[in-house]
Amino acid sequence: MEKELKKDFMNKAISLALENVESLKGGPFGAVIVKDGRIVGSGNNQVTLLNDPSAHAEIMAIRDASRNLDTFDLSGCEIYSSCEPCPMCLGAIYWARLDKLYYASTKDDAAAANFDDSYIYKEFALPKEERKLQSVQMMRDEAVKVFEEWVHSENKIPY
């Protein structure tokens, strides 16, 4: 894909972020998903609008592209984000199997605007028992039976 077209896609992601700032509908983040040279999904941050902490721009773009393409597998697609994705969005990008990520501002730029995810990265690096979020395992035997059902199911849709 030619460089100018990539710049157009990034400009669209940045414009979605700016629209959010101007409309006061969410944080300063936007993203588009592209397949075969055309936008197949777009999203802007809607955390405060929807009262949904997972409604980040990249997540919204993935949801939109998945609906539009009628698939959960976005292989063959690229995402353009106005900012380097947070850990949640980066995980979703991997789960969606996007081929490439382009981003404009960095996580340090976001931190300077009070969107600091560094504590999450630090928490992930700690052993579970040292994290601020208490994690208590329980009822493993019962839950493992569900996985066994999945493994033996002939009607499952793998992903």
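Everything numeric here is computed off the predicted structure, so don't read it as measured data.

A. Spatial organisation of the overall build of the protein chain. A tally of helices and strands in the protein chain yields seven helices and four strands. What you see in the protein chain, going N to C, is helices and strands ordered as α-β-β-α-α-β-α-β-α-α-α. Along the first, second and third principal axes, the C-alpha atoms of the protein chain reach 55 × 40 × 25 Å. For the protein chain, the proportion of its 159 residues judged to be buried stands at 31%. Counting contacts in the protein chain only where the partners sit at least 6 residues apart, residues at least 24 apart contribute 49% of the total. Positive and negative side-chain charges in the protein chain, numbering 19 and 26 respectively, have mean positions lying 1 Å apart.

B. Looking closely at helix α3 (residues 57–69). For α3, which comprises 13 residues, the first-to-last C-alpha distance of 18 Å matches the rise-based estimate of 18 Å (1.5 Å per residue) to within 8%. Along α3, the residues classified as buried are Ala57, Glu58, Ile59, Met60, Ala61, Ile62, Asp64, Ala65 and Ser66. Of the residues flanking the end of α3, it is Asp70, one or two places downstream, whose phi is positive at about 55 degrees.

C. Spotlight on the pattern of salt bridges. The tally for this structure, following the rule as stated, stands at three salt bridges. Between Lys132 and Glu123 there is a salt bridge whose closest N-O contact spans 4.0 Å. When its relative accessible area of 76% is taken as the criterion, Lys132 is described as exposed.

D. Inspection of the nonpolar core at higher detail. Ranked by size, the top nonpolar core spans 20 residues in total, and within it Ile33, Ile62, Leu74, Cys77, Ile79 and Leu98 carry the most contacts. Put simply, the parts of the chain that give this core at least two residues each are β1 (30–35), α3, β3 (77–83) and α4 (87–96). Of all the elements, α3 adds the most residues to this core, at five residues. Counting eight residues, the second-largest nonpolar core is a separate cluster that includes Met10, Ala13, Val34 and Tyr80.

E. A look at the pairing of β3. Burial within β3 is extensive, with seven of its seven residues counted as buried. With five bridges connecting them, β3 and strand β4 (residues 100–105) associate as parallel partners. Along β4, the bridge assignment pairs Ile79 with Leu101. With respect to chirality, the unit in which β3 leads through α4 into the neighbouring parallel β4 is right-handed.

Rules used in this analysis
Residues numbered from 1 in each chain as written. Predicted model: local features only at pLDDT ≥ 70, side-chain atom pairs only at ≥ 80, totals over all residues. Heavy atoms only, no water. Helix = DSSP H or I, 4+ residues; strand = E, 2+ residues; numbered from the N terminus. Buried < 20%, exposed > 50% of the residue type's maximum accessible area, 1.4 Å probe, protein only. Contact = heavy atoms within 4.5 Å. Lys, Arg positive; Asp, Glu negative; His and termini not counted. Charge placed at Lys NZ, Arg CZ, Asp CG, Glu CD. Expected span 1.5 Å × (residues − 1). Salt bridge = Lys/Arg side-chain N within 4 Å of Asp/Glu carboxyl O. Core = buried A, V, L, I, M, F, W, Y, C linked by side-chain atoms within 4.5 Å. Pairing = 2+ DSSP bridges. Right-handed = clockwise from strand over helix to strand, strands pointing away.

In short, the description is geometric, and any link to function would need to be established separately.
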